[in-house]
Amino acid sequence: MFFRRLWNFLGGRNLAMDLGTANSLLYCPGEGIVLNEPSVVAQDRMSGEVIAVGAEAKRYLGRTPERVEVIRPMRDGVIADFDTTSVMISSFIAKASRGLKLLRPRLIICVPLGITPVEKRAVIEAGQRGGARDVRLIEEPLAVAIGAGLPFDQPLGNMVLDIGGGTSEVAVVSLSAIAHAESIRVAGDEMNEAIQRYFQNEFQMQIGENMAEQVKITLGSAVEQPEPLSMEVLGKNLVEGAPRSVIASDAHVREAIREPLNAIMQAVRNALEKTPPELAADIADSGLLLAGGGSLLRGLDVLIKRETGLNAVLDSDPLTTVARGTGRVLEKGKAYEGALLE
Ligand code: ADP
Ligand code: MG
């Protein structure tokens, strides 16, 4: 413990990073989560200069002057914008590495499933630019299984579903490896967009991205709720452009997000179909572990049971599962080496 603190103080703060499409987290052994910010960058459209990163940049969303462009460089689960992603990674690492910066820390970054070799290189280089000595990568479903405390290194099938911002990933993990995985680009963002479209069609009203997310979190549900929910939603009248508000209910939002939810259910069914029979039998027993912010949708476990027959269990803190899992790999060192991608 003393040495770890001394090491951290000297600037060798080893870090585990969850590079998410919506949120990025940093975990430091012995300290826990030391950074949790939206994966957003605001930059000057003319000069390309970075104005703000993370939470500060997210506040610009939807209210930027012409000159400022707000970028979510990981938006669709892939790195849509190399340079901006690198700037963002380096900036988060710099923010979390205090101390004297005498020692170069180790870094493990959890990346979305199926990123290309070129993208892997870009993430590793960004980590190195951020000051890390040794950058290793781990794929998301393994980090989820480890973070949730599943017996990921046993000859047993464990199924995990991570619904993030840009992608939903469902995977079967066994013997420290991914036995089968499906990744679809339908997750939280897609639900927000579906809510925006619904308000346009149903109420002839335009609402912003942040408002749509608020509506989803406040009213969203996968199945009918015992108590009806409602809230006032503010936007703009499509015809005259005048401000307008409506009272929306949980039923409206259920209707709005039906399609993206169906796509996620289909991905789970596809994954089940392609799972070898022995592992499928394990999963019928152990159930489906849910992680990622999107899994916080009310009643998702009920819908999953209804649609796939699986017992779904929500992780204790689904927004931090990946960061904690990646952190655990860092803490365990050689013992968990096999879980790393490269
Ligand atoms: P990523 O790993 O892609 O960065 P996260 O796991 O951080 O994504 O999840 C972010 C997504 O979770 C966002 O789309 C956000 O709107 C959604 N989300 C967060 N809280 C809730 C909630 N209570 N209900 C439904 N969706 C939620
Ligand atoms: Mg994630």
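Model, not experiment: these values are computed from the prediction. (Residues numbered from 1 in each chain as written. Chains lettered and ligands numbered in written order. Predicted model: local features only at pLDDT ≥ 70, side-chain atom pairs only at ≥ 80, totals over all residues. Heavy atoms only, no water.)

Here we look at the overall build of the protein chain
No. 1: When you go through the protein chain residue by residue, the secondary structure sums to twelve helices and 16 strands.
No. 2: Computed over its C-alpha atoms, the radius of gyration of the protein chain comes to 21 Å, within 12% of the 20 Å expected for a compact globule of 342 residues.
No. 3: Taking the principal axes of the C-alpha coordinates as reference, the protein chain spans close to 60 × 55 × 35 Å.
No. 4: Every one of the 342 residues in the protein chain was classed for burial, and the buried ones make up 51%.
No. 5: Taking all contacts inside the protein chain whose residues are at least 6 apart in sequence as the whole, residues at least 24 apart take part in 62%.
No. 6: Approximately 15,500 Å² of the protein chain is accessible, and the part contributed by carbon and sulfur atoms is 51%.
No. 7: The protein chain carries 36 positive and 44 negative side-chain charges, and their two centres are separated by 6 Å. (Helix = DSSP H or I, 4+ residues; strand = E, 2+ residues; numbered from the N terminus. Rg over C-alpha atoms; globule rule 2.2 N^0.38 Å. Buried < 20%, exposed > 50% of the residue type's maximum accessible area, 1.4 Å probe, protein only. Contact = heavy atoms within 4.5 Å. Areas by Shrake-Rupley, 256 points an atom, 1.4 Å probe, with all protein chains shown as cover. Lys, Arg positive; Asp, Glu negative; His and termini not counted. Charge placed at Lys NZ, Arg CZ, Asp CG, Glu CD.)

Description of the sheet that holds strand 9 (residues 158-163)
No. 1: Here five strands make up an open sheet; going across it, the order is 11-10-9-15-16 and the pairing mixed. Each edge of the open sheet carries a strand with a single partner, namely strand 11 (177-184) and strand 16 (312-314). Across the sheet, the axes of successive neighbouring strands diverge by a mean angle of 20°, strand direction being ignored.
No. 2: For strand 10 (residues 168-174) and strand 11, the ladder comprises seven bridges, and the chain directions are antiparallel. Across the sheet, Ser 174 pairs through a bridge with Ala 177, a residue of strand 11.
No. 3: Contacts from helix 5 (residues 140-147) reach strand 9, strand 10, strand 11 and strand 15 (288-291), with the element oriented near 65° to strand 10.
No. 4: Packing of helix 11 (residues 300-308) onto the sheet brings it into contact with strand 9, strand 15 and strand 16, and relative to strand 15 it is tilted by some 145°. (Pairing = 2+ DSSP bridges. Axes fitted to C-alpha atoms, helices over the stretch in contact; angles between N-to-C directions.)

Points about the layout of surface pockets
No. 1: Each pocket or cavity is described by its volume, and for the largest pocket that value is around 730 Å³.
No. 2: Going through the elements one at a time, strand 1 (15-19), strand 2 (23-28), strand 9, helix 6 (188-203) and helix 7 (209-219) are the ones with two or more residues in the lining of the largest pocket.
No. 3: Top contributing element to the lining of the largest pocket by residue count: helix 7, with five residues.
No. 4: When grouped by side-chain class, the residues that make up the lining of the largest pocket number 15 nonpolar, 14 polar and ten charged.
No. 5: Estimated volume of the second largest pocket: approximately 270 Å³.
No. 6: As for the second largest pocket, its lining consists of ten residues, and the residues nearest its centre are Leu 61, Gly 208, Glu 209, Asn 210 and Met 211.
No. 7: In terms of residue class, the lining of the second largest pocket is made up of four nonpolar, four polar and two charged. (1 Å grid on protein atoms, 1.4 Å probe; cavity = no way out; pocket = protein on both sides within 12 Å on 5 of 7 lines; lining within 4 Å. Points joined across faces, edges and corners; volume = space filled by probe spheres on them. Nonpolar A, V, L, I, M, F, W, Y, C, P; charged D, E, K, R; others polar.)

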